[in-house]
Amino acid sequence: VLAPDVVRRADHLAIPAGAPTEVRGARAVAEETRVFARQARRAQVALVDGAPGLVVAPDGRLRVLLRLTVAPTRDGDRITAIEVVADPARLDALTIAVLDEADTPGD
């Protein structure tokens, strides 16, 4: 699902101290994502300013959000960018609609 040249950008509150705010390439992004797999179990599908995304909101409190950019590539539609937001001021400025399972496409 990741484009070969996907870019993951994160604000300073979304990543551990010393981690890069930008990661490039499908392999690097996928490997990094495995580190956050525990949090991903709590993620819910959402629309973020109308774009596909994921939110992590344990106990109903929004902690982090991923906004996905999906674009056509030679191999079909792929995720070309991931923006990770944890800064409360930035989160407050976004329009978020969490989708329940009935809203998401079936298997």
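In case you missed it, the structure is sitting above this.
Described in the following lines is the structure provided in the data block. As the structure is a computational prediction, the values presented were derived from the model and not from experiment. (Residues numbered from 1 in each chain as written. Predicted model: local features only at pLDDT ≥ 70, side-chain atom pairs only at ≥ 80, totals over all residues. Heavy atoms only, no water.)

Let us now look at the overall build of the chain. For the chain, the count of helices and strands is three helices and seven strands. When the helices and strands of the chain are listed from N to C terminus, the series reads β-β-α-α-β-β-β-β-α-β. For a compact globule of 107 residues, the expected C-alpha radius of gyration is about 13 Å, and the chain comes in at 14 Å, within 12% of that figure. Dimensions of the chain, computed from C-alpha atoms along their principal axes, come out at roughly 40 × 40 × 25 Å. Within the chain, counting contacts between residues at least 6 apart in sequence, those at least 24 apart form 41% of the total. (Helix = DSSP H or I, 4+ residues; strand = E, 2+ residues; numbered from the N terminus. Rg over C-alpha atoms; globule rule 2.2 N^0.38 Å. Contact = heavy atoms within 4.5 Å.)

Here we take up the side chain of D87. As for its placement among the helices and strands, D87 is situated in the loop between β6 (76–85) and α3 (88–92). No salt bridge is formed by the buried D87; the nearest opposite charge belongs to R90, separated by 5.9 Å. From its side chain, D87 meets the backbone nitrogen of A89 in a polar contact 2.9 Å long. Not counting residues up to four positions away in its chain, the partners in contact with D87 are D11, H12 and L13. (Buried < 20%, exposed > 50% of the residue type's maximum accessible area, 1.4 Å probe, protein only. Lys, Arg positive; Asp, Glu negative; His and termini not counted. Salt bridge = Lys/Arg side-chain N within 4 Å of Asp/Glu carboxyl O. Polar contact = N/O pair within 3.5 Å; in protein donor to acceptor, adjacent residues only side chain to side chain.)

Attention now moves to the pairing of strand β3 (residues 43–48). Here β3 pairs with strand β4 (residues 51–56) via six bridges, running antiparallel. Bridging across to β4, A46 finds its partner in G53. In textbook terms, the turn of a hairpin is the stretch between consecutive antiparallel strands, and for β3 and β4 this stretch comprises two residues, one of which, D49, has a positive phi near 50 degrees. Relative to strand β7 (residues 96–98), β3 runs antiparallel, the two sharing three bridges. Each bridged residue has a counterpart across the sheet, and for L47 the counterpart in β7 is A97. (Pairing = 2+ DSSP bridges.)

Right, let's get into the nonpolar core. In terms of nonpolar packing, the biggest core is built from 13 residues, with A10, A14, V29, V64, I79, I82 and V84 touching the most fellow members. Counting only elements with at least two residues in this core, the list comes to β1 (2–10), β5 (64–73) and β6. For this core, the leading source of residues is β6, giving three residues. One finds A46, L65, L91 and L94 within the second-largest nonpolar core, a separate group that totals seven residues. (Core = buried A, V, L, I, M, F, W, Y, C linked by side-chain atoms within 4.5 Å.)

Let us look at the environment of V85. Topologically, V85 is positioned in strand β6. If sequence neighbours within four positions are ignored, V85 has contacts with D11, A14, R63, V64, L65, R90 and L91.

What follows deals with unusual backbone geometry. Positive phi is not limited to glycine here, since D49 has a value of about 50 degrees. If you trace the backbone, D49 turns up in the loop between β3 and β4. Take D49: its relative accessible area is 42%, and that puts it in the partly exposed class. Backbone geometry places D59, a non-glycine residue, at a positive phi of 55 degrees. Mapped onto the elements, D59 comes out in the loop between β4 and β5.

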